[in-house]
Amino acid sequence: MIVYSSDPAPLTCEQVEGFFVGWPNPPRPETLLRLLAHSARVVLALDEGRLVGFVTAISDGVLSAYIPLLEVLPAYQGRGIGTELTRRLLDDLSTLYMVDVMCDEAVVPFYERLGLRRATGVIRRTYARQSGE
Ligand SMILES: CC(C)(COP(=O)(O)OP(=O)(O)OC[C@H]1O[C@@H](n2cnc3c(N)ncnc32)[C@H](O)[C@@H]1OP(=O)(O)O)[C@@H](O)C(=O)NCCC(=O)NCCS
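Nothing here was measured: the structure is a model prediction, and the numbers come from that model.

**Student:** An account of the site of the ligand is needed here, citing residue identities and associated values.
**Tutor:** What surrounds the ligand is a group of 17 residues, the closest being L70, G78, G80, G82 and T83. Out of a free accessible area of 870 Å², the ligand has 62% covered by protein chains. Those elements giving two or more residues to the shell around the ligand turn out to be β5 (70-72), α2 (81-92) and α3 (108-112). Partitioned by chemical class, the residues of the shell around the ligand number nine nonpolar, five polar and three charged.

**Student:** Account for the pairing of strand β2 (residues 41-47), naming residues and giving values.
**Tutor:** Among the seven residues that make up β2, six are buried, leaving the element largely enclosed by the rest of the structure. Taken together, the four bridges between strand β1 (residues 2-5) and β2 define a ladder with antiparallel strand orientation. Each residue of the ladder has a partner; that of V3, found in β2, is L46. Across seven bridges, the pairing between β2 and strand β3 (residues 50-59) is antiparallel. By the bridge assignment for β3, L44 is matched with F54. Hairpin connection, β2 to β3: the antiparallel pair is bridged by two residues, and E48 has positive phi, about 50°.

**Student:** Account for the packing of aromatic side chains, naming residues and giving values.
**Tutor:** Pairs of aromatic rings are described using the distance from one ring centre to the other and the angle between the two planes. According to the stated counting rule, one finds four aromatic pairs in the structure shown. Ring geometry for F20 against W23: centres 4.7 Å apart, planes inclined by 65°, an arrangement best described as edge-to-face. Taking relative accessible area as the criterion, F20 reaches 4% and is therefore assigned buried. Classification of W23 as partly exposed rests on a relative accessible area of 31%. Aromatic ring contacts, followed pair by pair, group F19, F20, W23 and F54 into a single cluster.

**Student:** Provide a residue-level description of the pattern of salt bridges, including the pertinent values.
**Tutor:** Under the criterion given, the structure shown has seven salt bridges. Here E84 ties to R87 by a salt bridge, and the two come within 2.8 Å at their closest N and O atoms. With E84 and R87 both in helix α2 and three residues apart, this pair spans about one turn of that helix. Residue E84 is classed as buried on the basis of its relative accessible area of 18%. Assessed through its relative accessible area of 37%, R87 is described here as partly exposed.

Calculation notes
Numbering of residues starts from 1 in every chain and runs along the sequence as written. Selection of residues for local features in this predicted model requires a pLDDT of at least 70, selection of side-chain atom pairs for listing and counting requires 80 or more, and totals for whole chains, interfaces and linings are taken over all residues. By convention in this description, side-chain values take in all heavy atoms of the structure and omit both hydrogens and water. We call a residue near a given molecule or strand whenever any one of its heavy atoms falls within 4 Å of it. For accessible areas, the Shrake-Rupley method is used with a probe of radius 1.4 Å. Any residue's cover is judged against the shown protein chains and nothing else. Where helices and strands are cited, they refer to DSSP runs of H or I of at least four residues and of E of at least two residues respectively, numbered from the N terminus. In this classification, Asp, Glu, Lys and Arg are treated as charged, Ala, Val, Leu, Ile, Met, Phe, Trp, Tyr, Cys and Pro as nonpolar, and every other residue, Gly included, as polar. To sort residues, take the accessible area from a 1.4 Å probe on protein chains only and compare it with the maximum for the residue type: under 20% means buried, over 50% means exposed, and anything in between is partly exposed. Strand pairing follows a simple DSSP-based rule, namely that at least 2 bridges must link the two strands. Think of it this way: a Phe, Tyr or Trp ring, Trp meaning its six-membered ring, pairs with another when their centres are within 6.5 Å, and the plane angle makes it stacked under 30 degrees, edge-to-face over 60, tilted otherwise. What counts as a salt bridge is simple: a side-chain nitrogen of Lys or Arg found within 4 Å of a carboxyl oxygen of Asp or Glu.

Functional significance is not addressed by these values, which are geometric in nature.
What follows is the structure, encoded as structure tokens:
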């Protein structure tokens, strides 16, 4: 059974393996634990203690939040977990004026179904820093 939580503190490295699929320079489990701990809000999906999906938000806590990371382990995709993670996070952020996400074109319909709308943005990516080491 999938259980949802907003507290990453109990997690160990062994429980958070398998994420960042396809990233050329992926963060290690230790780094995932670190970024979860430092996010303003997280929602976690757990299966018997193992992390199988997560979404994070960073925020000023006044007007704005950004959702940098949403991922569900491949074996758990297509079961509504990503939708539930995002729905819960958006509920947590409902008092804020701006909630922004940058994503690939293919994922836009996923977010539109959750009430977000298409916009234009700009980004910078420094792949040498992708692992967060
Ligand atoms: C995007 C992601 C989190 C969705 O998680 P999930 O648990 O599989 O999502 P759900 O089961 O709630 O799917 C909800 C709907 O979105 C669609 N969807 C899910 N992932 C999609 C994707 N990558 N591209 C297009 N549509 C997608 C599904 O088809 C589903 O629609 P349906 O119910 O009509 O079939 C997951 O595919 C993932 O981890 N992808 C890799 C990382 C990523 O792209 N993250 C988004 C960063 S902005």
